[in-house]
There are 2 protein chains.
Amino acid sequence: MPSSPTTPLARQIARELGTPAVVIDLDVVERNIAKLQQACDAAGLANRPHIKTHKSPVLATMQRDAGAKGITCQKLGEAEVMAAGGHHDILISYNLLGEEKMARLARLVRDGISVRPCADNPVVVDGYAEAARIADREIGVLVECDTGRERAGVETPREAIALARRIAGHSGLRFDGVLLYAPEDKMLETQAFLDETRAGLAEHGLALRIVSTGGTPNLRNLGRIEGATEHRSGTSIFNDRMMLACGAASLEDCALAVYATVVSRAGPERGILDSGSKTLTSDTGGGLDGHGLIREFPKARIKGFAEEHGMLDLGSCDPKPEIGDVVSIIPNHVCVVVNMVDRLVTVRGDKLVGTLEVAARGKIV
Amino acid sequence: MPSSPTTPLARQIARELGTPAVVIDLDVVERNIAKLQQACDAAGLANRPHIKTHKSPVLATMQRDAGAKGITCQKLGEAEVMAAGGHHDILISYNLLGEEKMARLARLVRDGISVRPCADNPVVVDGYAEAARIADREIGVLVECDTGRERAGVETPREAIALARRIAGHSGLRFDGVLLYAPEDKMLETQAFLDETRAGLAEHGLALRIVSTGGTPNLRNLGRIEGATEHRSGTSIFNDRMMLACGAASLEDCALAVYATVVSRAGPERGILDSGSKTLTSDTGGGLDGHGLIREFPKARIKGFAEEHGMLDLGSCDPKPEIGDVVSIIPNHVCVVVNMVDRLVTVRGDKLVGTLEVAARGKIV
């Protein structure tokens, strides 16, 4: 008879808080925060962590205390929560658009928060000029540049220069630099884009005060983009199965796990977890096999989901989990999992600590 | 110059509430509620809608006012919210397990709420007996039966009978019947499973007071399972792209849309919506192409997501949406989208009404 796979901590979490529970180990979180800061320090870059991963002003404060210069948000609603939580140097790596958002941006700026939004088109730039007018304050803007990811961002240095000039041409706006998010296999192209942009800007008397690079996998490329001034990393605070897959993290670096109970073993080769797509999400992590790594049963495959069911294929798993076992799962993509819950459970090693509000959860607007 | 694709309502929602916004049309909701009730009435089945889709006690009350006998929940946390909202006849179509959950189940039952949970294994049944002991009340339990879906549920009538006998053998429990969720191509097998179970139960003096069937696509099969007593449908209150794909709904039946703004047109054949996997979710709706149907641009394909970016492939779309256009998207799977937001925006036709709290959002425990 093998000993139970359910650790005393897992049993305690299930007994006191119930499962599923999204749990972070603060010891690992602190180690990950320190590592990120060290990596930025070593490369001579300012650290501007992306809070889309943790959505907590408390964790952002831990990042600041470790040396972060400011934070990055993806949405204005996240920035509002962070500002209320005492964070006053905020980069928003997103095109903000529409009068409702411009009124809110103006409010933040007027309240003395340094909020730098991004733009990849003139419509968005002209909106920021209106926000600056409403706030009666200058707003610094970055031009988002796309060097191969095909997300947002101007596609050519020529467009970047034209947009920078448009920003600088508005009396209420200040051109502050560029936002990059280089694909790992496009470092040289990204450098060439940056160099050409810089040269073209100089001809118009414009300088790059900020060159922001991004991504947790790109931490191994820090220093490769000459002229970068700061870096945005979100996922590294917790890590996930995607980061394991690309070699950006080891299992010991994974600070977050979803604790779930095996509630059914209806067939000999299969089982059901009480955690489905409404907890672990359907995010495949860019095409990973299965929907998470069960630490206690790495050969049990989470083959599919219903909303509240995780379907286990136990064909390759021996011994197999039994009904009532509480397991811990490293999710495919940690940022979207945190966004499913109002509270994270906090632990240190094998000790339950408490809970932490995900204050910016669901701030999609 | 074509007229703007942005409707006055979309413009108003963007201006007053911002995008993305998850919007329901109450006229369509009321029509869908009435249709479901009529379908159940016509088949002689009690209507027990599944609230996992809307997670709102207010909408559940509208369903009750239309004739629903009670409601179905997937999680105990949902049942608690619904009970607090005045719903006292609750089926939980799920294996509840663990002492934390048994204490909460006992509390609900003791408060006079009729909560019937399900079981597909003896461990779960014995837990319910403990909850009944704590509550000092009898608890009615259904046996979940799997007739081909490979989710939870006993796989054979023999197991169903054994589990029913175990339930009936506990002094605090009452065997109330079976929960079915038949695949559409397994109606005959499901009928055979039910008939064999009924006959076997009779030999032990046990009867099926409740035979619960489920699923919105199965509304076209109502009446095909002889002996069914009630039906659970969730998605039909809103409908989605999955229901369009399987023919269970038409576009006019879709009550929910995600309103999103085009914030970038970085390439001639592509664009970006301000709505990504943290709003529309990565749920593929069982393998649909793309991540939603844009009503104003049905040929624009939402080809991928970042967390807050919806990537548009506009290659087949003419005219193409422009920066600043506000579009409305029928999501692949509506139940998981509702679960992303704290509030739904409500409209009637082209009139903005207000907002409605998604009170049971994120109640995964």
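Residue indices follow the written sequence of each chain, beginning from 1 at its first position. Both sets of labels track the order of writing: A upward for chains, 1 upward for ligands. This being a predicted model, a pLDDT of at least 70 is required before a residue's local features are given, and a value of 80 or more before pairs of side-chain atoms are given or counted; all residues contribute to the totals for chains, interfaces and linings. Derived side-chain values reflect all non-hydrogen atoms in the structure, with water molecules and hydrogen atoms excluded from consideration.

### Side note on the overall build of chain A
Threshold: Runs of H or I in DSSP of at least four residues are treated as helices and runs of E of at least two as strands, each being numbered from the N terminus. A radius of gyration in this sense is built from C-alpha atoms; the matching globule rule multiplies 2.2 Å by the number of residues raised to 0.38. Note on classification: 1.4 Å probe, protein chains only; a residue is buried when its accessible area is under 20% of the maximum for its type, exposed when over 50%, partly exposed between these limits. Positive charges come from Lys and Arg alone, negative charges from Asp and Glu alone, with His and the N- and C-terminal ends not counted. Note that the charge is assigned to NZ on lysines, CZ on arginines, CG on aspartates and CD on glutamates.
When helices and strands are tallied, chain A shows ten helices and 17 strands. A compact globule built from 365 residues would reach a C-alpha radius of gyration of about 21 Å, and chain A, at 22 Å, matches this within 12%. Taken over the C-alpha atoms alone, chain A extends approximately 75 × 40 × 35 Å along its principal axes. For chain A, buried positions account for 62% of its 365 residues. Seen as two clouds, the 43 positive and the 48 negative side-chain charges of chain A have centres 2 Å apart.

### Considering the packing of aromatic side chains
Aromatic ring pairs are defined here through the distance separating the ring centres and the angle between the ring planes. To be explicit about the condition: Whether two aromatic rings pair depends on their centres lying within 6.5 Å, for rings of Phe, Tyr and Trp, where Trp uses its six-membered ring; planes under 30 degrees apart make the pair stacked, over 60 edge-to-face, and the rest tilted. Note on geometry: a ring has a charge over it if NZ (lysine) or CZ (arginine) is within 6 Å of the ring centre and within 35 degrees of the ring normal.
Counted by the stated rule, this structure contains zero aromatic pairs over all chains. Just above the ring of Y181(A) sits the side chain of R149(A); from NZ or CZ to the centre is 3.4 Å.

### Considering the nonpolar core
Condition: In this description, a nonpolar core means a group of buried Ala, Val, Leu, Ile, Met, Phe, Trp, Tyr and Cys residues linked to one another through side-chain atoms lying within 4.5 Å.
By size, the foremost hydrophobic cluster in this structure holds 73 residues, and its most contacted members are F238(A) and F238(B). Y94(B), L96(B), M187(B) and A360(B) belong to the second-largest nonpolar core, a separate cluster that totals 63 residues.

### Focus: the interface of chain B and chain A
To keep things clear, this is the line we draw: Any two residues having at least one pair of non-hydrogen atoms within 4.5 Å are treated as being in contact. Once two parts are put together, the accessible area they lose, assessed with a 1.4 Å probe and summed over both, is termed the buried area. Salt bridge criterion: a side-chain nitrogen from Lys or Arg within 4 Å of a carboxyl oxygen from Asp or Glu.
Tallying the contact residues gives 64 residues for chain B and 64 residues for chain A. For the pairing of chain B and chain A, the buried interface totals around 4,900 Å² over both sides, and the portion due to carbon and sulfur atoms is 52%. Summed over the three residues of chain B that lose the most area to chain A, namely R151(B), K278(B) and I364(B), the buried surface amounts to 13% of that side. Counting across the chain B and chain A interface gives eleven salt bridges. Between K52(A) and E307(B) there is a salt bridge, and its shortest N-O distance comes to 2.8 Å.

### Observations concerning the pattern of salt bridges
Residues and elements named next belong to chain B. If you walk through the whole model with that rule in mind, you get 57 salt bridges over all chains. We note a salt bridge from R104 to E100, for which the minimum N-O separation is 3.0 Å. On the criterion of helical spacing, the pair formed by R104 and E100 is a turn pair, its members being four residues apart in helix α5 (residues 99–110). By relative accessible area, R104 is classed as buried at 10%. Since its relative accessible area comes to 14%, E100 is described here as buried.

### Examining the relation of the copies chain B and chain A
As a reminder, the rule being used: Least squares is used to superpose the copies, and the fit set is the C-alpha atoms of residues whose pLDDT is at least 70 in both copies.
Of the two same-sequence chains, chain B is brought onto chain A (RMSD 0.0 Å, axial shift 0.0 Å) by a rotation of 180°. Viewed as a symmetry operation, the transformation between the two copies matches a two-fold axis. Residue S282(B), judged by its C-alpha, is the member of chain B lying nearest the rotation axis, at 2.7 Å. The fraction of interface residues of chain B whose copies in chain A are also interface residues reaches 100%, indicating that both copies meet through the same surface.

### A look at helix α3 (residues 57–65) of chain A
Residues and elements named next belong to chain A. Rules: The reported arc concerns the directions from the helix axis to the C-beta atoms and nothing else. In protein, a polar contact requires one atom able to donate a hydrogen and another able to accept it; more generally it is a pair of N or O atoms within 3.5 Å, and residues adjacent in sequence count only if both atoms are side-chain atoms.
Three or more residues of α3 are buried, namely P57, L59, A60 and Q63. Seen end-on, α3 carries its buried residues on one side only, within an arc spanning 160°. Packed against the buried residues of α3 are β1 (21–25), α2 (26–43), β3 (71–73), α4 (76–84) and β17 (351–357). Sitting at the head of α3, S56 places a side-chain oxygen 3.1 Å from the backbone nitrogen of V58. Positive backbone phi, approximately 130°, marks G67, located one or two places after α3.

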